[in-house]
Each structure stands twice: as C-alpha cells, then as structure tokens.
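Close look at the chain arrangement
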Amino acid sequence: GTNDFVEEFIHTFLDKTPEKLKQMKSDLSLDNLKTVFNHAHGLKSIAATIGAKLVETASERLEISAKSNLHNKAEINFKDRVSCFEVTRRYLSKL
C-alpha cells in the first residue's frame, strides 16, 4: 500500500544519495557548478517530498551558490549538505 511506497521511496533516497554526494564532490573539484546545481536541485526536490527539511534547505543553499557560480560558497554549502544528510540518514534509518 501507500506505506510500502513511502518506505521504499525513503530507502531509495538513503541508498542513492551517498553516490550523488560523491559525484557532487567530484564535480566541485572540477569546478563543474552546472552539474552541482543539477544534482542539488534534484536532491532538494526529493528531500522536500519526504519531508527532510534539513536536507532540502541545505540543498537549496548549494543550488543557489552553484547557480551563482560561487565556487567557495558552493564548497561550504556542500559540506553543510553532507552533514545534514548524515543527520537525516541516522533519523530515517531508525524508522
């Protein structure tokens, strides 16, 4: 039912996000802010869908800094994004 779908969606988010974070870190090191923006935008949407407000907000800040071509700010926001995901991951893993 609906609960199974939500649970599956959350597990997909938890499973796929670490790989996306690795890709974003690589893109940051290559100064590929357009790709960072795209990943941040997608993760922001998924986080909003499951109610992961910390991740959503951190992703939005990263999205804005990447879109504005502010590499140093994007690096800071990326680190914040990773921290917020870890907090959210620990919380959701208990559900």
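It should be emphasised that the depicted structure is a prediction, and the values quoted were computed from it without experimental measurement.

Moving on: the environment of Thr12. Here Thr12 lies in helix α1 (residues 2-29). A relative accessible area of 38% places Thr12 in the partly exposed class. Considering only alpha carbons, one finds Thr12 and Thr88, 76 residues apart in sequence, at a separation of 14 Å.

Mapped onto the elements, Lys44 comes out in helix α2 (residues 33-50). Taking the relative accessible area as the measure of exposure, Lys44 reaches 18% and is therefore buried.

Our next topic: the packing of α2 against helix α3 (residues 53-67). Look at α2 against α3: their axes get within 8 Å of each other, and the N-to-C directions meet at 160°. It follows that α2 is roughly antiparallel to α3 by the angle criterion. As α2 packs across α3, the resulting crossing turns out to be left-handed. Every residue of α3 that contacts α2 at Leu33, Val36, Phe37, Ala40, His41, Leu43, Lys44, Ala47 and Ala48 is listed here: Val55, Glu56, Ser59, Glu60, Leu62, Glu63, Ala66 and Lys67. Tallied by class, residues from the contact of α2 with α3 come to 10 nonpolar, 2 polar and 5 charged.

As a further point, take the packing of α1 against helix α4 (residues 71-93). The N-to-C vectors of α1 and α4 enclose an angle of 160°; their axes lie 11 Å apart at closest approach. It follows from the interaxial angle that α1 and α4 lie roughly antiparallel. In this structure, α1 crosses over α4, and the sense of that crossing is left-handed. Contact with α1, carried on its side by Ile10, Phe13, Leu14, Thr17, Pro18, Leu21, Met24, Lys25 and Leu28, involves His71, Ala74, Glu75, Phe78, Arg81, Val82, Phe85, Thr88, Arg89, Leu92 and Ser93 of α4 and no other residues of that element. Partitioned by chemical class, the residues of the contact of α1 with α4 number 12 nonpolar, 4 polar and 4 charged.

What follows deals with the environment of Lys22. Relative to the assigned elements, Lys22 resides in helix α1. For the pair formed by Lys22 and Asn32, sequence separation is 10 residues and the distance between their alpha carbons is 13 Å.

Moving on, we get to the packing of aromatic side chains. Following the criterion strictly, the structure yields 2 aromatic pairs and no others. Summarising the aromatic geometry, the rings of Phe13 and Phe85 are spaced 5.8 Å apart at their centres and angled 75° between planes, so their arrangement reads as edge-to-face. Here the residue Phe13 occupies a position in helix α1, and Phe85 occupies one in helix α4, the gap between them amounting to 72 residues. In this structure Phe13 comes out as buried when scored by relative accessible area, which is 4%.

With that settled, consider the nonpolar core. Core analysis: the biggest nonpolar cluster contains 21 residues, and Met24, Val36, Val55 and Leu62 have the highest contact counts within it. Only α1, α2, α3 and α4 provide two or more residues apiece to this core. No other element matches the 6 residues that α1 contributes to this core. Beyond its immediate chain neighbours, meaning those up to four positions away, Met24 contacts Val36, His39, Ala40, Leu43, Leu62 and Phe78.

Rules behind the numbers
- Residues numbered from 1 in each chain as written.
- Predicted model: local features only at pLDDT ≥ 70, side-chain atom pairs only at ≥ 80, totals over all residues.
- Heavy atoms only, no water.
- Helix = DSSP H or I, 4+ residues; strand = E, 2+ residues; numbered from the N terminus.
- Buried < 20%, exposed > 50% of the residue type's maximum accessible area, 1.4 Å probe, protein only.
- Axes fitted to C-alpha atoms, helices over the stretch in contact; angles between N-to-C directions.
- Parallel < 35°, antiparallel > 145°, perpendicular 65-115°, else oblique.
- Left-handed = near helix turned anticlockwise from the far one by under 90°.
- Contact = heavy atoms within 4.5 Å.
- Nonpolar A, V, L, I, M, F, W, Y, C, P; charged D, E, K, R; others polar.
- Phe/Tyr/Trp six-rings, centres within 6.5 Å; stacked < 30°, edge-to-face > 60°.
- Core = buried A, V, L, I, M, F, W, Y, C linked by side-chain atoms within 4.5 Å.

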